[in-house]
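# Residue-level structural notes
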Amino acid sequence: MRCAVVGKMATVALVSRPASVLPRILSSCSPAVLSAASVTKVQQRKLHHAVVPKGKGGRSSSSGIAATVFGATGFLGRYVVNRLGRIGSQIVVPHRSDQYDIMYLRPMGDLGQIIFMEWDARNKDSIKRALEHSNVVINLVGREWETKNYSYDDVFVTIPQQIAKAAREAGITKFIHMSHLNADIRSQSKYLRNKAVGETAVRDEFPEAVIMKPSEIFGREDRFFNYHANMRWFGNAVPLISMGKKTVKQPVHVVDVAKAIINAVRDPDANGKTYALVGPNRYLLHDLVEYIYAMAHRPFVPYPLPRPLYHIAAKFFAMNPFEPWTTPDKVDRFHTTDMKYPGLPGLEDLGITPSTVEQKAIEILRRHRRFRYLEADLDETRPAKTVNY
């Protein structure tokens, strides 16, 4: 009678009984019962429920995506986490921050769907632990200035290479790496040179990686539009190399970049591709900055500043032990003309219609207006002139 009960309840016994109890129960059973028990053990589910799509969509459903987002605490990272959370993804956020500095990420997903994990970028085991339960890895790690602990080579080459290697060894099939549109080994900017080396390193470690190459990204917390708008604190004048008339920019909105990452995650045909993410219009840097000040209802007083003098001034700010206002490398990067890649797929290939600067600029620049102009009509500001070269 005892063996019969075990035969009927083999599944329950194997799942609910402690391992030390099972051998004593099964030792007194017939070979047929043991055979039934072994079959049940083989049929145990190995796929975690978190990666099984279910529901009608939305934050309380399950998208089937379990993503580890390195660099989630940065400017772009919060938008990516938000997009993943709203479709019901489970998100692992490796971080080096104080827990109170990342609490704003917690409401972006359903209860228990966003998991915070401390990690050490130089510890390979720490990287492996962060992605061992994921089926998607997104690398957004970046830094606009070098520190004594992390150089551009560490941030843009070594760390992405280690993440890509760990993802490949873990059997992950979707790896997304964030690069830059102007990444070039011949660039004046060390930032952009290391971005180019990082692309090659990631592609060598993970051939099926999806590489995103956005132009300068603008958004509420950006360091592009806000950087130029805050120049007014330094004498109500804006220094530009060659008056900004030899530099062409094609900025892209941060939400469009976040959407592109999510769509690439869900598109199996995106593996191994490189995407050039740019806005719909190209502008001279002079005209773009002029539009920024016009939208903020601030006087625009540009003046030409030679590159060597600009570098000297930037070196003074770079001495700041915290977040420097600008650096010589940042000056070179912002005065680099955005490249064109007609042969690479872009936002449209991922089903995204890029937003124009005129549509989104007010979201960023309203905070730079005086009180009397807070509710000024957008029609009062003329759109920036566009160029085709």
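See above for the structure.
Residues numbered from 1 in each chain as written. Predicted model: local features only at pLDDT ≥ 70, side-chain atom pairs only at ≥ 80, totals over all residues. Heavy atoms only, no water.

## Structural notes on helix α5 (residues 75-86)
Test applied: For every residue, the accessible area (1.4 Å probe, protein chains only) is compared with the maximum for its type, and the residue is labelled buried under 20%, exposed over 50%, or partly exposed between those bounds. Elements are defined by DSSP. Helices are runs of H or I of four residues or more, strands are runs of E of two residues or more, and each kind is numbered from the N terminus.
Listing the buried residues of α5 in full gives Phe 75, Leu 76, Gly 77, Tyr 79, Val 80, Val 81, Leu 84 and Gly 85. Looking one or two places after α5, you find Gly 88, whose phi comes out positive at around 85 degrees.

## With respect to the packing of helix α7 (residues 152-169) against helix α8 (residues 190-205)
Spelled out, the test is: Fitting a line to C-alpha atoms yields each axis, with helices limited to the stretch in contact; the angle taken between N-to-C directions then spans 0 to 180 degrees. To sort the angles, those under 35 degrees are grouped as roughly parallel, those over 145 as roughly antiparallel, those from 65 to 115 as roughly perpendicular, and the leftovers as oblique. Less than a right angle of anticlockwise turn of the near helix away from the far helix marks a crossing as left-handed, whereas a clockwise turn marks it as right-handed. What makes two residues a contact is simply this: any of their non-hydrogen atoms within 4.5 Å. Amino acids are sorted into nonpolar (Ala, Val, Leu, Ile, Met, Phe, Trp, Tyr, Cys and Pro), charged (Asp, Glu, Lys and Arg) and polar (every other residue, Gly among them).
One can describe the packing of α7 onto α8 by two numbers: an axis separation of 8 Å at closest approach and a directional angle of 15 degrees. By the angle class used here, α7 and α8 are roughly parallel. Handedness of the α7/α8 crossing: right-handed. Taking contact as the criterion, the partners of Tyr 152, Asp 153, Phe 156, Val 157, Pro 160, Gln 161, Ala 164, Lys 165 and Arg 168 in α7 are, on α8, Lys 190, Tyr 191, Asn 194, Lys 195, Val 197, Gly 198, Ala 201, Val 202 and Glu 205. Here the contact of α7 with α8 is built from residues that sort into nine nonpolar, three polar and six charged.

## Focus on the sheet that holds strand β6 (residues 210-214)
For clarity, the cut-off: Only strands that DSSP links by at least two bridges are regarded as paired with each other.
Spatial strand order, β3-β2-β1-β4-β5-β6-β11: seven strands in an open sheet with parallel pairing. Sheet topology places β3 (114-118) and β11 (274-277) at the edges, where each strand pairs with a single neighbour. Mean inter-strand twist for the sheet, computed between neighbouring axes without regard to direction, equals 20 degrees. Inspection of the sheet shows strand β5 (residues 174-178) paired to β6 by three bridges, in the parallel sense. Within β6, the position partnered with His 177 by the bridge is Ile 211. Packed on one face of the sheet, α7 meets β1 (66-70), β4 (136-139) and β5 and runs near 175 degrees to β5. Along the sheet, α8 makes contact with β5, β6 and β11, crossing β5 at roughly 170 degrees.

## A look at the pairing of β11
Of the two faces of β11, the one carrying Thr 274 and Ala 276 and the one carrying Tyr 275 and Leu 277 are both buried. Two elements, β6 and β11, share four bridges in a ladder whose sense is parallel. Looking across to β11, one finds that Lys 213 is bridged to Ala 276.

## Side note on the pattern of salt bridges
The test is simple: The salt bridge definition used is simple: a Lys or Arg side-chain nitrogen within 4 Å of an Asp or Glu carboxyl oxygen.
Scanning the entire structure with this criterion turns up 13 salt bridges. The partner of Glu 144 in a salt bridge is Arg 333, with the nearest N and O atoms 3.6 Å apart. Of the two residues, Glu 144 sits in the loop between β4 and α7 while Arg 333 sits in helix α13 (residues 328-334), which places them 189 residues apart along the sequence. Just as Glu 144 is buried, Arg 333 falls in that class too. Linking Lys 190 and Glu 146 is a salt bridge whose minimum nitrogen-to-oxygen distance equals 3.1 Å. Here Lys 190, found in helix α8, pairs with Glu 146, found in the loop between β4 and α7; they are 44 residues apart in sequence, far enough to count as distant. Overall, Lys 190 belongs to the partly exposed group, its relative accessible area being 34%. Accessibility expressed as a relative area gives 33% for Glu 146, which makes it partly exposed. One salt-bridge network, in which partners are shared between bridges, spans Glu 144, Glu 216, Lys 330 and Arg 333.

## Looking at the packing of aromatic side chains
So the rule is basically this: The aromatic pairing rule takes the rings of Phe, Tyr and Trp, using the six-membered ring of Trp, and pairs them if the centres are within 6.5 Å, calling planes under 30 degrees apart stacked, those over 60 edge-to-face and the rest tilted. For a lysine, the NZ atom is tested; for an arginine, the CZ atom; a charge sits over a ring if that atom is within 6 Å of the ring centre and within 35 degrees of the ring normal.
Enumeration according to the criterion identifies 15 aromatic pairs in this entry. For the pair Phe 156 and Tyr 191, a centre-to-centre distance of 4.8 Å together with 75 degrees between the ring planes defines the contact as edge-to-face. Here Phe 156, found in helix α7, pairs with Tyr 191, found in helix α8; they are 35 residues apart in sequence, far enough to count as distant. On the basis of relative accessible area, Phe 156 is assigned to the buried category, the value being 3%. Look at Phe 224 and Phe 225: their rings are 5.6 Å apart centre to centre, the planes differ by 35 degrees, and that puts the pair in the tilted class. Under the relative-accessibility criterion, Phe 225 is labelled buried at 0%. Just above the ring of Tyr 150 sits the side chain of Arg 122; from NZ or CZ to the centre is 4.3 Å.

## Quick look at α7
Since the α-helix packs 3.6 residues into each turn, any two residues three or four apart lie on the same face. Filter applied, for reference: Each residue after the first adds 1.5 Å to the expected span of a helix. Bend is computed residue by residue as the angle between axes fitted to the seven residues ending at the residue and the seven residues starting at it.
Between the first and last C-alpha of α7 there are 25 Å, a value that for 18 residues agrees with the 26 Å anticipated at 1.5 Å per step. Most pronounced at Thr 158, the bend in α7 amounts to some 25 degrees, and the proline Pro 160 follows within four residues. Buried residues along α7 sit against β1, α6 (124-131), β4, β5, α8 and α13.

## Here we look at the side chain of Lys 174
The test is simple: Neither His nor the chain ends contribute to the count of charged residues, in which Lys and Arg are positive and Asp and Glu negative. Counted as a polar contact is a pair of N or O atoms within 3.5 Å, where, for protein atoms, one must be capable of donating a hydrogen and the other of accepting one, and residues adjacent in sequence contribute only when both atoms are in side chains.
Within the fold, Lys 174 resides in strand β5. Buried charge Lys 174 goes without a salt bridge, the closest partner of opposite sign being Asp 267 at 6.4 Å. A polar atom in the side chain of Lys 174 sits 3.0 Å from the backbone oxygen of Ala 264. A distance of 2.6 Å separates the side chain of Lys 174 from the side chain of Asn 271, its partner in a polar contact. Non-local contacts of Lys 174, meaning those with residues more than four positions away in its chain, are made with Asn 135, Val 136, Val 137, Phe 206, Val 210, Ala 264, Val 265, Asp 267, Pro 268, Ala 270 and Asn 271.

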